[in-house]
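Structure assessment
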Amino acid sequence: MDLKTDVTTAQRLPAELRYADELTRLRDADSDPKPAGWALSPRAVRRFILGDPKLDVSRKFYGDDPLVDRCIVALMGHQGLMLVGEPGTAKSLLSELLAAAISGTSRLVVQGSAGVIEDHLRYGWNYALLLAEGPSERALIPSPVLTAMQNGQIARIEELTRCAPEVQDAMISLLSEKTVALPELGAASEVRAERGFNVIATANLRDLGVNEMSSALKRRFNFETVAPIADAAFEKELIARQVRDRMAEYDMKADLPEDVLDVVVSVFRDLRTGRAADGAVVAQPKSVMSTAEAVNVAHGALLDASYLSGDAPTGAHVARQLRGVVFKDDAEDARKLRAYVDTIARARGRTSRAWAAFHKAAKDDG
């Protein structure tokens, strides 16, 4: 079995491989001062994330540009960076982009869950070698965090609040002492973090109560909130680009028509904020109406049109994909969606063919 990743067929590549050409151009043009251990200067990191047309570097994060600046500054300091926000606000994407630009790799990741133990933050053992040779560097398996410390890189911890309190407590000493003791290899054996080491953690606001972080751990992080995209034009641009990239995986160049894309963006923004563009109040479902979910619906609508119906994408394709997003958390969400369809969508359908198709399909499906 070949365990090497085939970059031509992998469903999703890490940022440092997806954007390898852009990173190379940025490195070649980078003459700004760099912190110790950083692959790019802070200005080049910013250009990688927010785009630079002169170097043909694409924008990858849409939303609050000053947030990106604050994150970069935080990672130059001695505290970690904690990204919090609603699900689907691109916290993980921002974490990945920062790590790829700063360290050249975004793959030093611990996925937080109830199953994570301290070994996942420190080190484990190859037990076959351990039994055959005893404790040795060869038998030791470093965690992603320990590897980041050894190499002066960024470690990422996804969904930190889903880790048990004792695992979170282990982070306190890692972030404050920047040292991991290896007593099995001798009393004086330890790894001290190289310059450039830091940690980016993420947490969903809806999950913060799962295993609440202690005050001591919170003090080791700079907290930044990643909010939903405020600008509708930005959100529309992001959704269009994401869908275009996804369709390229099918060797197909296809886009949603402008009016159908407007339906997707408007539906999600209306239901997310509880208010339509004309000021009308909209009942908000408990399901997460994030930009990430909007991308999934737009992509699903385009797949439906391209592979099943064989027609040009319409608002009806959007309506058929919307159920899988809204009907997740609460039975009342179905009623809220029906009310939205009966009022907002019906009224817009009088002047828009895309909205009329959305209304009819949603009504028939409801």
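Structure's up top.
Anyway, here's the lowdown on the structure attached to this text. Sequence positions are assigned chain by chain, starting from 1 and proceeding in written order. Reporting of local features is limited, given that this is a predicted model, to residues whose pLDDT is at least 70; pairs of side-chain atoms are given and counted only at 80 or more, and all residues count toward the totals for whole chains, interfaces and linings. Only heavy atoms go into the side-chain values, all of them from the structure, while hydrogens and water stay out.

1. Thoughts on the pattern of salt bridges
By definition, a salt bridge exists where a carboxyl oxygen of Asp or Glu is found within 4 Å of a side-chain nitrogen of Lys or Arg. Using the criterion set out here, one finds 25 salt bridges in the structure. In this structure, glutamate 224 and arginine 70 form a salt bridge, with 3.0 Å as the shortest nitrogen-oxygen distance. Placement of glutamate 224 in strand E9 (residues 221-225) and of arginine 70 in helix H4 (residues 65-76) is noted, with a sequence separation of 154 residues between them. On the accessibility criterion, glutamate 224 (13% relative accessible area) is buried. When accessible area is computed with a 1.4 Å probe and restricted to protein chains, residues below 20% of their type maximum are described as buried, those above 50% as exposed, and intermediate ones as partly exposed. Among the residues examined, arginine 70 registers a relative accessible area of 37% and is labelled partly exposed. Here arginine 348 ties to aspartate 270 by a salt bridge, and the two come within 2.9 Å at their closest N and O atoms. Here aspartate 270 lies in helix H11 (residues 258-273) and arginine 348 lies in helix H14 (residues 332-349), a separation of 78 residues in the sequence. For the pair arginine 348 and aspartate 270, a shared accessibility class is recorded, and that class is buried. Through salt bridges that share partners, Arg12, Arg18 and Glu96 make up one connected network. By definition, any uninterrupted DSSP run of H or I lasting at least four residues is a helix, any uninterrupted run of E lasting at least two residues is a strand, and each is numbered from the N terminus.

2. Thoughts on helix H10 (residues 232-248)
A rise of 1.5 Å per residue sets the reference length of H10, with its 17 residues, at 24 Å; its end C-alpha atoms lie 24 Å apart and thus fit the reference within 8%. Three or more residues of H10 are buried, namely Glu235, Lys236, Leu238, Ile239, Ala240, Arg241, Val243 and Met247. In this structure aspartate 231 caps H10, since a side-chain oxygen of it lies 2.8 Å from the backbone nitrogen of alanine 233. Helices are assigned an expected span. That span is 1.5 Å times one less than the residue count. Here a polar contact means two N or O atoms within 3.5 Å. Within protein one must be a hydrogen donor candidate and the other an acceptor candidate, and residues neighboring in sequence count only if both atoms are side-chain atoms.

3. With respect to the sheet that holds strand E8 (residues 198-204)
For two strands to be treated as a pair, DSSP must find no fewer than two bridges joining them. Here five strands make up an open sheet; going across it, the order is E2-E5-E8-E1-E9 and the pairing parallel. Each end of this open sheet is capped by a strand with a single partner; those strands are strand E2 (109-111) and E9. Taking each pair of neighbouring strands and ignoring which way they run, the sheet shows an average axis angle of 20 degrees. Note that strand E5 (residues 154-158) and E8 share four bridges and pair parallel. Fitting a line to C-alpha atoms yields each axis, with helices limited to the stretch in contact; the angle taken between N-to-C directions then spans 0 to 180 degrees.

4. Looking at the environment of alanine 100
Turning to its location among the elements, alanine 100 is positioned in helix H5 (residues 91-103). Here alanine 100 falls in the buried class, since its relative accessible area comes to 2%.

5. Remarks on the nonpolar core
The biggest cluster of nonpolar side chains holds 39 residues, and the ones touching the most others in it are Ile239, Val267, Phe268, Val318, Leu322 and Phe358. Among the elements of the structure, H10, H11, helix H12 (291-309), helix H13 (315-326), H14 and helix H15 (353-365) are those that each provide at least two residues to this core. Top element by residues in this core is H11. It accounts for eight residues. Every residue pair with non-hydrogen atoms within 4.5 Å of one another is taken to be in contact. With sequence-adjacent residues up to four places away left out, leucine 322 is seen in contact with Val267, Phe268, Met289, Val297, Leu337 and Phe358. Formed by 36 residues, the second largest nonpolar core is a distinct cluster that contains Val116, Leu140, Ala148 and Ala155. The criterion is simple. A nonpolar core is a set of buried Ala, Val, Leu, Ile, Met, Phe, Trp, Tyr and Cys residues joined through side-chain atoms within 4.5 Å.

6. Let's talk about the packing of H10 against H11
In contact at an axis separation of 10 Å, H10 and H11 are set at 120 degrees when each is read in the N-to-C sense. Viewed along their axes, H10 and H11 adopt a mutual orientation that is oblique. Considering the relative orientation of H10 and H11, their crossing is right-handed. Within the contact between the two elements, H10 uses Ala232, Glu235, Lys236, Ile239 and Ala240 and H11 uses Glu258, Leu261, Asp262, Val265, Arg269 and Arg272. Note on angle classes: values under 35 degrees are labelled roughly parallel, values over 145 roughly antiparallel, values of 65 to 115 roughly perpendicular, and the remainder oblique. What makes a crossing left-handed is the near helix being turned counterclockwise from the far one by less than a right angle; a clockwise turn instead makes it right-handed.

7. Here's the deal with the packing of H4 against H5
A pair of packed helices is characterised by two quantities: the angle between their axes and the separation of those axes. Remark: H4 packs on H5, axes separated minimally by 12 Å, with the N-to-C direction vectors making an angle of 50 degrees. The angle between the axes of H4 and H5 places the two elements in the oblique class. Considering how the two elements wind past one another, H4 and H5 form a crossing that is right-handed. In this structure, H4 contributes Leu67, Val68, Cys71, Ile72 and Leu75 to the contact, and H5 contributes Leu94, Leu98 and Ile102. Looking at side-chain class alone, the contact of H4 with H5 contains eight nonpolar, no polar and no charged residues. Each residue gets one label: Ala, Val, Leu, Ile, Met, Phe, Trp, Tyr, Cys and Pro are nonpolar, Asp, Glu, Lys and Arg are charged, and the others, such as Gly, are polar.

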